[in-house]
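# Observations on chain architecture
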Amino acid sequence: MIIPTLGCPSQCKYCWSSEETSPIMAIETITEIVSWLNNFSEERVTFTFHGGEPLLAGPNFYREALAILSAGLPNTRTEFAIQTNLWLMTPELAEIFAAYNVPIGSSIDGPQELNDLQRGDGYFQKNMRGYEIARSHGLVVRYICTFTNHSYQKRDEIVQFFLKNGFVLKLHPALPSLRGENPKEWALDPLDYGDLLIYLLDQSLLYFNEIEIMNINDLVRGVFTRRGTVCTFADCMGSTFAIGPDGSIYPCYRFVGMEQYVMGTVYDRPTREMLLQSPAGKLMAAYRDFVDIACSNCPHIRYCRGGCPYNAIAPTDGEIKGVDPHCIAYKKIFDEITDRLNTEMLQSPPMGMPGFGMPSQPQKPGVMALMHKVVMQ
Ligand code: SF4
Ligand code: SF4
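Residues numbered from 1 in each chain as written. Chains lettered and ligands numbered in written order. Predicted model: local features only at pLDDT ≥ 70, side-chain atom pairs only at ≥ 80, totals over all residues.

On a plain count of helices and strands, the chain comes out with 14 helices and eight strands. Evaluated residue by residue, the chain yields a buried proportion of 39% over its 377 residues. The contacts of the chain with a sequence gap of at least 6 include a subset with a gap of at least 24, amounting to 67%. (Helix = DSSP H or I, 4+ residues; strand = E, 2+ residues; numbered from the N terminus. Buried ≥ 20, exposed ≤ 12 C-beta atoms within 10 Å, placed from the backbone. Contact = placed C-beta atoms within 7 Å.)

The following block contains the structure:
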């Protein structure tokens, strides 16, 4: 991930990652990223521009950065993505992103009134304006919807909003803020998060051909393949890095700006080994080892891997005191998927018989049908 700035013009109430005085990354840092990666890895790289608000870097930055990153890694398959609130999208920027097939992740929390209550007055309109520009240039836009303890109560309204607009939904639970005096003011309680995931599983099945809920697809895929397919449910250490505005390297975008998690800088061109040997690298490895013991009796360990290390260690100031506090939610949804799958398997015809793998009376799609759909995608 590339974080061109931690600055952001929006004032979302539960935000934990913006900094008003954050500088904008110099284009020279992009050149350094290429020089660093050329000796680092020949694996496929997805560069995701994230923030703060990455569009603050402006069109000249992206025109140059995308050209340098594309041309600079000839032996590597490169792909791009951006996560933005779309406020600053212009036809000029949209044309640049379209030239590199950059898919857009944006954020909206539901209908205008609900969204603006959480993300600030005017957010919805500015986002929609950017959305229209992006879509008119053929860009794909997917939405992250942050559920807070407030919007959790409005889940029906939110699902209907996504259905009506044909938006793909990716859920983020609001995390306790590391800044501010009331960290849990907006945070979604882990028990409610578990219930919400089960609710969204039901909605995925109810609106089987009309809605895509990415988290549910990922969870179902994880149970089926027996391994996590998104960072939260895989050992993310070493497969994901984030580069801050000054070229500092972190284990993930969530740590950017937190001094104690700097693993090195692209200007020094560290090897993977050097990064893993940094205090932050060792802490992430220690978390992985901790999970092996703490979650050893959990039937879901292979496709959960203790959840997100950031959730587990950032609130305790880098001390490993437990796994991701969302464990309760993960257990709940993984148990639910597994139980439903087992029930459906018992109801389906024996192996080798016509219809094996499908429920005998398929009036309503179940988890098995969803698994089939996800695997075929
Ligand atoms: S720390 Fe959490 S959010 Fe970051 S890459 Fe790892 S699992 Fe993903
Ligand atoms: S569900 Fe909880 S106990 Fe099981 S692997 Fe995940 S974090 Fe560990």
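More follows now that the structure is in view.
Now for the site of ligand 1. Ligand 1 sits among Cys231, Thr232, Cys236, Thr240, Cys252, Arg254, Cys308, Pro309 and Tyr310. Class assignment for the residues of the shell around ligand 1 results in six nonpolar, two polar and one charged. (Near = placed C-beta within 6 Å. Nonpolar A, V, L, I, M, F, W, Y, C, P; charged D, E, K, R; others polar.)

A few words now on the packing of helix H8 (residues 214-225) against helix H14 (residues 367-376). Two numbers describe how H8 lies on H14: the axes approach to 9 Å, and their chain directions differ by 95°. Regarding the angle of H8 to H14, the classification is roughly perpendicular. Facing Asn217, Val220, Arg221 and Phe224 of H8, the residues of H14 in contact are Val367, Leu370, Met371, Val374 and Val375. (Axes fitted to C-alpha atoms, helices over the stretch in contact; angles between N-to-C directions. Parallel < 35°, antiparallel > 145°, perpendicular 65-115°, else oblique.)

Both strand S1 (residues 45-49) and strand S2 (residues 78-83) contribute to a ladder of five bridges, which runs parallel. Note that in S2 the partner of Val45 across the bridge is Thr78. Summarising the sheet, S2 and strand S3 (residues 104-107) pair through two bridges and their orientation is parallel. Residue pairing for S3: Ile82 is matched across the bridge by Ile104. (Pairing = 2+ DSSP bridges.)

Right, let's get into the sheet that holds strand S7 (residues 248-250). Ordered by their spatial adjacency, three strands build an open sheet running S6-S7-S8, and the pairing between neighbours is antiparallel. The outermost strands of the open sheet, each flanked by one partner alone, are strand S6 (242-243) and strand S8 (264-265). Two strands pair when backbone bridges link them, and S7 and S8 are joined in this way by two bridges, in the antiparallel orientation. Within S8, the residue paired with Ile249 across the bridge is Gly264.

What follows concerns the pairing of S3. As defined by bridge partners, S3 adjoins strand S4 (residues 141-147) across four bridges and the pair is classed as parallel. Within the sheet, the bridge partner assigned to Ile104 lies in S4 and is Val141.

So, about the sheet that holds S2. Across the sheet, which stays open at both edges, the five strands sit in the order S1-S2-S3-S4-S5 with parallel pairing between neighbours. Strands with a single pairing partner mark the edges of an open sheet, and in this sheet they are S1 and strand S5 (169-173). Recorded for the sheet is a direction-independent mean angle of 25° between the axes of neighbouring strands.

Here the focus is helix H6 (residues 155-165). Given 3.6 residues per helical turn, the α-helix brings residues three or four places apart onto the same face. Taken together, the buried positions of H6 are occupied by Ile158, Val159, Phe161 and Phe162. Relative to the axis of H6, the buried residues are bounded by an arc of 155° and lie together on one face. The exposed residues of H6 that point more than 90 degrees off its buried face are Asp156 and Lys164. Packed against the buried residues of H6 are S4, S5 and helix H7 (190-206). Trailing H6 by a residue or two, Gly166 shows a phi angle of about 65°, which is positive. (Arc of directions from axis to C-beta.)

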